[in-house]
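Listed here are the chains, written in short residue letters.
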Amino acid sequence: MTRTLARIGFGAMVASSVVLASCSSTSTGGAASGQIAVVASTDVWGNIASAIGGSKVQVTSIVSDPSADPHSYEADVQNQLAISKATVIIENGGGYDDFVGKMVSSAGSKATIINAVDISGYAATQGDSLNEHVWYDFPTVDKVVDKIRTTLTGADPAGAATFDANAKTFTATVAVLRQKEAAIKTKSAGVGVAITEPVPLYMLDAAGLTNKTPPEFSEAIEGETDAPATVVAKTLALFTGKQVKALVYNEQTTGPQTEQVLAAAKANGIAIVPVTETLPGGTDYLGWMGANLDAIAKAVA
């Protein structure tokens, strides 16, 4: 089940609801002379765009507060202004950040739009069960990086060498991360884990770990509804019965049932690995993903 990233509220826009991040400035006006104005729906894709574009881009990330729940986000006037001035817009897609399309339409933007889910190809294969958290899927990230590279080159042909070099460096580090996934798979293939939401599933699958959470539970949590008592009981039994070695949970969205699961994991000595949907403070995408993998490897070893 897909849960939308933001509930757009043009009638009640609150300027303090967002921290705007950019490569060289927090301004939401046009990019500095010679820079390409890029707007990303979240700081995950914004950080990746900054890594590829370097000083030749000015990136505005609409959702970038590490303490915020992205799913309850409301866009504001500054976001609309940034969209109207963008040359390139990066959205996650898959129903995750539908507010971007609404803002693009409202602004009459002619920007080139990069949609990560469309690039991934998962929409065609997963259908209604689409897991839209594709930034946890390194093959998709590589594809998006290449699309960013070619799009920036189209906007600034003189910067092609810079974009090519930055993309090559970035994907080389992603390759190291993929090796970390492979190493976990070699040592811990088939080990059971639990989740609260599907946020980290691409990574867990690539690491060869088995998600034993009842689908009805994670779907309910993602859909912001309560799972039936029988489903909760089955989920809690994963911990009391020591059927899993780790709980990998989204710490940006919590509620009574999530807290119940966390308590059960702690009470039964199950390792807990928190993950997020936006960048933690003081890190970048590559460092963040590396830390996630290190934590998962330690938890299931």
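Residues numbered from 1 in each chain as written. Predicted model: local features only at pLDDT ≥ 70, side-chain atom pairs only at ≥ 80, totals over all residues. Heavy atoms only, no water.

Trainee: How should the overall build of the chain be read in this particular structure?
Mentor: Along its length, the chain carries 12 helices and 8 strands. Among the 301 residues that make up the chain, the fraction classed as buried is 50%. The contacts of the chain with a sequence gap of at least 6 include a subset with a gap of at least 24, amounting to 72%. (Helix = DSSP H or I, 4+ residues; strand = E, 2+ residues; numbered from the N terminus. Buried < 20%, exposed > 50% of the residue type's maximum accessible area, 1.4 Å probe, protein only. Contact = heavy atoms within 4.5 Å.)

Trainee: Just to check I follow, could you spell out the pattern of salt bridges for this structure?
Mentor: Pairs can form between side chains of opposite charge once their charged atoms are near each other. Taken as a whole and judged by the stated rule, the model has 4 salt bridges. Among the ionic pairs, R178 bridges to D142, the shortest N-O distance being 2.9 Å. Remark: D142 occurs in helix α6 (residues 138-155) and R178 occurs in helix α7 (residues 160-188); sequence separation between them is 36 residues. (Salt bridge = Lys/Arg side-chain N within 4 Å of Asp/Glu carboxyl O.)

Trainee: Quick question: what am I supposed to make of the pairing of strand β1 (residues 36-42) here?
Mentor: A regular strand places its side chains on the two faces of the sheet in alternate fashion. The element β1 is extensively covered by neighbouring structure, given that 7 of its 7 residues are classed as buried. As paired elements, β1 and strand β2 (residues 57-63) share 6 bridges and run parallel to each other. In the sheet register, A37 faces β2, and the bridge partner there is Q58. When β1 meets strand β3 (residues 88-91), the two strands line up parallel, connected through 3 bridges. Bridge assignment links V38 to a residue of β3, and that residue is V88. (Pairing = 2+ DSSP bridges.)

Trainee: Can you walk me through helix α12 (residues 285-300) in this structure?
Mentor: It helps to recall that an α-helix has 3.6 residues per turn; residues three or four apart then point in one direction. With 16 residues, α12 should cover 22 Å at 1.5 Å per step; its first-to-last C-alpha distance of 23 Å lies within 8% of that length. Among all positions of α12, only Y285, L286, W288, M289, G290, N292, L293, I296, A299 and V300 are buried. (Expected span 1.5 Å × (residues − 1).)

Trainee: It is not clear to me how the sheet that holds strand β7 (residues 246-250) should be interpreted in this structure. Could you clarify?
Mentor: Paired through backbone hydrogen bonds, the strands of a sheet run either parallel or antiparallel to each other. Pairing is parallel across the open sheet formed by 4 strands, whose spatial order is β6-β5-β7-β8. Whereas interior strands pair on both sides, the edge strands pair on one side only; in this sheet they are β6 (210-211) and β8 (271-275). Pairing of β7 with β8, which is carried by 5 bridges, proceeds in the parallel orientation. What sits directly across from Y249, in β8, is P274.

Trainee: Which parts of the structure should I look at to understand the nonpolar core?
Mentor: Looking at soluble globular proteins, one finds that nonpolar side chains tend to be buried together. One finds W45 and Y285 to be the most contacted residues of the largest nonpolar core, which totals 55 residues. The element best represented in this core is α12, accounting for 8 residues. If we skip the residues at most four places from it in the chain, Y285 touches V44, N47, I48, W135, F138, V141, F170 and L279. Core analysis: the next-biggest nonpolar cluster, separate from the first, contains 18 residues, A227, V231, L238 and L262 among them. (Core = buried A, V, L, I, M, F, W, Y, C linked by side-chain atoms within 4.5 Å.)

Trainee: Even after reading the chapter, I still don't get the confidence of the model for the chain, so can you show me in this structure?
Mentor: Detailed reading of the predicted coordinates is not advisable wherever pLDDT falls low. Within the chain, residue pLDDT values average 89, and 87% of them lie at 70 or more. Taken as a whole, residues 6-29 scores under 50 in pLDDT and shows 69 contacts with residues more than four places along the chain or in a different chain. (pLDDT = per-residue confidence, 0-100.)

Trainee: Would you mind going over the side chain of D76 with me for this structure?
Mentor: When you line up the elements, D76 lands in the loop between β2 and α2 (77-85). Polar contacts involving the side chain of D76 include one to the main-chain amide nitrogen of Q78, which spans 3.0 Å. (Polar contact = N/O pair within 3.5 Å; in protein donor to acceptor, adjacent residues only side chain to side chain.)

Trainee: In this structure, what is going on with unusual backbone geometry? I would like to understand it.
Mentor: The backbone of E224 shows a phi angle near 60°, a positive value even though the residue is not glycine. Along the chain, E224 turns up in the loop between α9 (215-222) and α10 (229-240). Assessed through its relative accessible area of 41%, E224 is described here as partly exposed. Its identity as a non-glycine residue notwithstanding, K242 has a phi of 50°, on the positive side. Looking at where K242 falls in the secondary structure, it is placed in the loop between α10 and β7. For K242, a relative accessible area of 52% puts it in the exposed group.

Trainee: How should I be thinking about the environment of A233 in this particular structure?
Mentor: Within the secondary structure layout, A233 lies in helix α10. Measuring from C-alpha to C-alpha, the distance between A233 and F217 comes to 9.9 Å, with 16 residues separating the pair along the chain.

Trainee: Mind showing me how you'd approach the packing of α7 against α12 here?
Mentor: How two helices sit against one another is set out by the angle between their axes and by the gap between those axes. Orientation of α7 relative to α12, taken along the N-to-C sense of each, is 10°, at an axis distance of 10 Å. By the criterion of interaxial angle, the relationship of α7 to α12 is roughly parallel. Residue-level contacts link F170, T173, V174, L177, K180, E181, I184 and S188 of α7 to Y285, L286, M289, G290, L293, D294, I296, A297 and V300 of α12. (Axes fitted to C-alpha atoms, helices over the stretch in contact; angles between N-to-C directions. Parallel < 35°, antiparallel > 145°, perpendicular 65-115°, else oblique.)

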